[in-house]
Each structure stands twice: as structure tokens, then as C-alpha cells.
Amino acid sequence: STQSTGMTGEEKRRFARLDIDPATISWNRVIDMNDRFLRKATIGQSPTEKGMTRETKWDISVASELMAILALATSLADLKERIGKVVVALSKENVPVTIDDLGVTGACTALMKDSIKPTMMQTLEGSPVLVHAGPFANIAHGNSSILADKIALKVVGSDGYVCTEAGFGSDIGAEKFFDIKCRYSGLIPNCAVLVCTVRALKMHGGGPPVTPGGQLAAEYREENLDLLEKGLCHLGKQMDNLRQFGVPVVVCINRFHTDTEKELEMVREYALGQKGLAAVGDHWAKGGEGAVELANAVVEACKQESKFKFLYELERPLVDKMNEIVRRIYGGDGVELSEMVLEKIAKLEKQGYGNLPICMAKTHLSLSCDVTKKGVPTGFTVPVKDIILSAGAGFVYPLAGTISTMPGLPTRPAYYEIDVDTETGQITGLF
């Protein structure tokens, strides 16, 4: 009842107050700048906010649940419904408090109303490109939007082809594409394109560490067939990962100018031996002309029957679904859970969130959580330090290892290279 005369004292109290426990507020502010000092902050210290001081943190904008919702929404109505389901805190009785409970679903939807429309762009050769959404590829699913995919499919017609991005790594981006995005979109992929490079495979073969911005070691710039051969097992594992979803696999070998013909042929022969299609992609240097071989391979793959299937059933317990991902996709023995995480899982299942898909947040630098373990590591477990609900987006994400949602800057950030010519107004140093 909404009539106060018919309410008990307890009902009146709950109607008038959400009784939020400030320590459980999980809705963080976001900013589109790197600032490591915002990873933890104290707010409410002004005299006007007396008694409201609490610890919180900022996330980078793409890590907001609203970004994941934008990418998974199928319509404006669906967007609004998902926004309303976002859990922002718990009450002192451990009852989830949502955006709907706060009464601001309409206002939030109004802010997001225009963002639901994808941006139409084009390549240098005039091919249409839809750019839409950018969910964090760790704590979210890292895929472009469902709406952009559906618009693209409508534009190309029944005989056309749509290529959509699926995060980084088939163990992260592709698994989430299949198990999360495809569940909500209802779309079935005809094939999967697995992009690899000679350099990356050499690293998985035991090559020297790579430092962002640093000089690449000679092993990556010169022919080294032994190192490359040792790293091919990683490509095989990623191909096997994709095949577990029942889709044909095309391996795109993204050519670098330092790659030799012997190296490219070694990767191609290996991929073909693993019962996949393979093509060298030279599109970075030659544009569309350099991607003809790849395009033809995709056309051939799409002629094959897609026997698409999900990795797990949603009805299974959360722990079972996590273990399924670790064992079948990462090649590990399962997840390692603390008492705190087990308690949170039990609470989520009791609150009715146990049937949501899993969105594992882990490093992309290894199949395990240890970035030093390259190739195809075995005999490891994945330690889950926390598990967080994204009720609006429609998944829960276990935090495997240390995942930061607010990037920091290096010792010498790119800011030092940027300047403006005050005579011409020309900005320099951006690239």
C-alpha cells in the first residue's frame, strides 16, 4: 500500500527511508582522466557535509556500469529498465538499493537518451563503420554495442557480412562475447576471426619482456623460428577455446614489416594443421587490398555450419560457472575462493542474482593470473579476491588478481610532448 493510513510503523519507516548503509555504497564517481590518486579518496569533509565523511574511489568512465549497460541494451526501453536495476548500495538490513529505489531512473535515462544512438563513420576507403560504446574489457565485457551490430546487419542485408569486435584475447573478449553478449542479443556468430602476430607468439615462446614505449628486443625484430615455434601452442589453445563454442575459426596473422616469409608461413601452416582457416593480413600497410585474403577466408568459413553453443547454463551455481571458465578456457584447475568471497556469493544467490552470467576480470597478459606465465600454463588456480554485482548490465564479475579501474600515468607521461603553436594554433605531439 502507498497510503500511509494503511501502513504499519515498519512499513512507514521503510517507505520514507531507504536506510542505506554508507559503507556499502558501490556507485562510484567517474572521470575520463588517468589519476592514480583517485583510486581511493575521502569525501564529505566540508563543514556543510558534517557527519557524511566516507571513503570512496573514482573509476575511469569506461569502467562505469552505465557503459556496459549502453553496450548491452537492445532498445531505449531496455536501457531504462537496466538502469533502474543498478544496485548502488545495501540497506542496513542487507537489502539491495537500486537506482529505481532512489527514484532517479528517468533522470539517468534522460542523460543517456542520445548516447544510445551509434555513430556512423567510414574508413579511408569509404567502408561504413559503426562506433558505439566502450565497456572496460576487464570488469565489463569489452565488446561493441548490440544496437550497432543489429543496425549493421540491417544495412548489409541477408547476403552481407558484419565484423564486430570482441575485446582482447579469446580467453577474455571472445568468451564474454559468446556467454554474455550473445545471450542478450540473441545473435548467433557465423565464424570467429582470431588475430595473432608473430611478435606476440614469440613472447609466448619465452621471448624477452616487452616494456610499453621501450625498444623491442632483437628477437622480435629479426627472424627467430625457434622462439616462434615454441609460442605456437598458445595460438592452438586460443583456437581450441573458440571451437568450444561451436563456431568455425579463421586465424588472421597481422603482418608487421619485420616479419619474414618463413615466420608467416610457419604460423599459417600451424593454424591450418589445427583445422582452422588462415590468412596473412596486410591491411595496416595496404588497406583493403591487404585484407582480401582474409576476407575470402571469412567468406569460406561462413559457408560452414555454425554449431554455436554457450559454455555453461545460467541455472548452474556461480562457483560452478567460474570453475567452468577457468578449466575449459584458461586451462587451470579452478578458482580459489576466500571465506569473504564465498559469503558474498551466497548472499548474491540468496538475493536472486545467481542466474546471471560470469564476467571474469583478469589480466590479458596470460591465460593464468600470473603475467609471467606465457604459452599454455597448467596446474594453476585463479584466486578470486572479490565478486561484484552489475545487476543492470546483467552479470557478476569476479576480480581475479589485481585489476585497477583507474589507470595511472607513467614516470614520463605523454603530456611532456604536447604543445601548441601560438601563431597557427596547431597542436603538436599528440601522436
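Coordinates for the structure precede this section.
In this text, all values refer to a predicted model and were calculated from it rather than measured experimentally. (Residues numbered from 1 in each chain as written. Predicted model: local features only at pLDDT ≥ 70, side-chain atom pairs only at ≥ 80, totals over all residues. Heavy atoms only, no water.)

*Asks:* How do you make sense of the overall build of the chain when you look at a structure like this?
*Replies:* Across its full length, the chain carries 15 helices and 16 strands. In terms of overall dimensions, the chain is globule-like: its C-alpha atoms have a radius of gyration of 24 Å, near the 22 Å expected for 431 residues. Expressed along its principal axes, the backbone C-alpha trace of the chain runs to roughly 80 × 60 × 45 Å. Burial status across the chain gives 42% buried among its 431 residues. Contacts in the chain between residues at least 24 apart in sequence constitute 68% of all its contacts with a sequence separation of at least 6. Across the chain, the mean location of the 48 positive side-chain charges is 4 Å away from that of the 54 negative side-chain charges. (Helix = DSSP H or I, 4+ residues; strand = E, 2+ residues; numbered from the N terminus. Rg over C-alpha atoms; globule rule 2.2 N^0.38 Å. Buried < 20%, exposed > 50% of the residue type's maximum accessible area, 1.4 Å probe, protein only. Contact = heavy atoms within 4.5 Å. Lys, Arg positive; Asp, Glu negative; His and termini not counted. Charge placed at Lys NZ, Arg CZ, Asp CG, Glu CD.)

*Asks:* I keep staring at helix α2 (residues 65-72) and nothing clicks. Help me out?
*Replies:* Each turn of an α-helix holds 3.6 residues, which means side chains three or four residues apart point in the same direction. When you tally the buried positions in α2, you get seven out of eight residues, the bulk of the element. All of the buried residues in α2 are E65, L66, A68, I69, L70, A71 and L72. For α2, the N-terminal cap is S64; the gap from its side-chain oxygen to the backbone nitrogen of L66 is 3.1 Å. (Polar contact = N/O pair within 3.5 Å; in protein donor to acceptor, adjacent residues only side chain to side chain.)

*Asks:* Could you clarify how one ought to interpret the layout of surface pockets in this entry?
*Replies:* Estimates place the volume of the second largest pocket at around 1,200 Å³. Every residue lining the second largest pocket is counted, 44 residues in all, and those nearest its centre are I25, S26, W27, N28 and I388. Of all elements in the fold, only β1 (29-31), β3 (54-56), β4 (58-60), α2, β5 (87-90), α15 (339-350), β13 (381-390) and β14 (395-400) reach the threshold of two or more residues within the lining of the second largest pocket. In terms of residue class, the lining of the second largest pocket is built from 24 nonpolar, nine polar and eleven charged. (1 Å grid on protein atoms, 1.4 Å probe; cavity = no way out; pocket = protein on both sides within 12 Å on 5 of 7 lines; lining within 4 Å. Points joined across faces, edges and corners; volume = space filled by probe spheres on them. Nonpolar A, V, L, I, M, F, W, Y, C, P; charged D, E, K, R; others polar.)

*Asks:* Please explain the sheet that holds β13 as it appears in this structure.
*Replies:* Adjacent strands of a sheet pair through backbone hydrogen bonds, lying either parallel or antiparallel. If you trace the three strands from one edge of the open sheet to the other, you get β12-β13-β14, paired in mixed fashion. Two strands bound the open sheet, and with one partner strand each, they are β12 (334-337) and β14. The mean inter-strand angle of the sheet, taken between neighbouring strand axes irrespective of direction, is 55°. Here six bridges tie β13 to β14, and the two strands are oriented antiparallel to one another. (Pairing = 2+ DSSP bridges. Axes fitted to C-alpha atoms, helices over the stretch in contact; angles between N-to-C directions.)

*Asks:* Got a minute to help me understand the pattern of salt bridges in this structure?
*Replies:* All chains considered together, the criterion is met by 19 salt bridges. Note that D114 and K113 form a salt bridge whose closest N and O atoms lie 3.0 Å from each other. If you follow the salt bridges from partner to partner, you end up with R255, E261, D282 and K286 in one network. (Salt bridge = Lys/Arg side-chain N within 4 Å of Asp/Glu carboxyl O.)

*Asks:* Looking at this model, I keep getting lost on the packing of aromatic side chains. Mind explaining?
*Replies:* Given two aromatic rings, their pairing is described by the distance between the two centres and the angle made by the two planes. This structure, assessed with the given rule, holds four aromatic pairs. Plain terms: the ring middles of F178 and F308 are 5.6 Å apart, the flat faces sit at 50° to each other, and that makes the pair tilted. In this pair, F178 sits in helix α7 (residues 169-185) while F308 sits in the loop between α13 (292-303) and α14 (318-330), placing the two residues 130 residues apart along the sequence. Here the two residues F178 and F308 agree in accessibility, since each one is buried. Aromatic rings pair up to connect F177, F178, F245, F308 and F310 into one cluster. The ring of F310 has R183 lying over it, and the distance from NZ or CZ to the ring centre is 4.1 Å. (Phe/Tyr/Trp six-rings, centres within 6.5 Å; stacked < 30°, edge-to-face > 60°. Lys NZ or Arg CZ within 6 Å of the ring centre and 35° of its normal.)

*Asks:* Could you clarify how one ought to interpret helix α5 (residues 105-112) in this entry?
*Replies:* Of the residues making up α5, those classed as buried are T105, C108, T109 and M112. Buried positions in α5, seen along its axis, are confined to an arc of 100° and lie on one side of it. Across α5 from its buried face, at more than 90 degrees, point the exposed residues A110 and L111. On the buried face of α5, the contacting elements are α2, α3 (76-85) and α4 (99-102). (Arc of directions from axis to C-beta.)

*Asks:* What exactly am I supposed to notice about a nonpolar patch on the surface here?
*Replies:* On the surface, I31, M33, Y415, I418, V420, I427, L430 and F431 cluster together to form a nonpolar patch covering roughly 850 Å² of accessible area. The residue M33 is located in the loop between β1 and β2 (41-43) in this model. (Patch = residues over 30% accessible without salt bridge, like charges linked within 9 Å, V, L, I, M, F, W, Y side chains within 5 Å. Areas by Shrake-Rupley, 256 points an atom, 1.4 Å probe, with all protein chains shown as cover.)

*Asks:* Is there a simple way to think about the pairing of β14 in this case?
*Replies:* Every other side chain in a regular strand lies on the same face of the sheet, so the side chains alternate between the two faces. Of all six residues in β14, six are buried, a share of seventy percent or more. Of the two faces of β14, the one carrying F395, Y397 and L399 and the one carrying V396, P398 and A400 are both buried. Following β13, the chain reverses through four residues before pairing antiparallel with β14; G394 in that reversal takes a positive phi of roughly 95°.

*Asks:* Quick question: what am I supposed to make of the side chain of E175 here?
*Replies:* Mapped onto the fold, E175 is located in helix α7. Put simply, E175 is tucked away with no salt bridge, and the nearest opposite charge, on K176, sits 6.4 Å away. Among residues more than four places away in sequence, those in contact with E175 are S170, I180, F245, Y312, I325 and I329.

*Asks:* I would appreciate a short explanation of the side chain of R54 in the present structure.
*Replies:* Locating R54 in the fold gives a position in strand β3. Buried R54, no salt bridge; nearest opposite-charge side chain is E55, N-O distance 9.3 Å. Look past the residues within four positions of R54 in its chain and what remains in contact with it is P22, I25, R29, A41, T42 and I43.

*Asks:* Which parts of the structure should I look at to understand the pairing of strand β10 (residues 249-254)?
*Replies:* Extensive coverage of β10 is indicated by the burial of six of its six residues. Burial of β10 is two-sided: the residues V249, V251 and I253 facing one way and the residues V250, C252 and N254 facing the other way are all buried. Sheet topology places strand β9 (residues 192-196) next to β10; five bridges connect them, and they run parallel. Bridging across to β10, A192 finds its partner in V249. Examined bridge by bridge, β10 and strand β11 (residues 277-281) share five bridges and lie parallel to one another.

*Asks:* Hey, could you run me through the nonpolar core in this one?
*Replies:* A general tendency of soluble globular proteins is for nonpolar side chains to be buried together. Counting residues in each nonpolar core, the largest one holds 50 residues, and the members touching the most others are F178, L235, V251, V267 and M360. Per element, the largest residue contribution to this core is six residues, and it comes from α14. Leaving out residues up to four positions away in the same chain, V251 has contacts with L194, C196, L235, M239, A271, L277, A278 and A279. In this structure, V97, I139, L147 and A393 belong to the second largest nonpolar core, which totals 31 residues. (Core = buried A, V, L, I, M, F, W, Y, C linked by side-chain atoms within 4.5 Å.)

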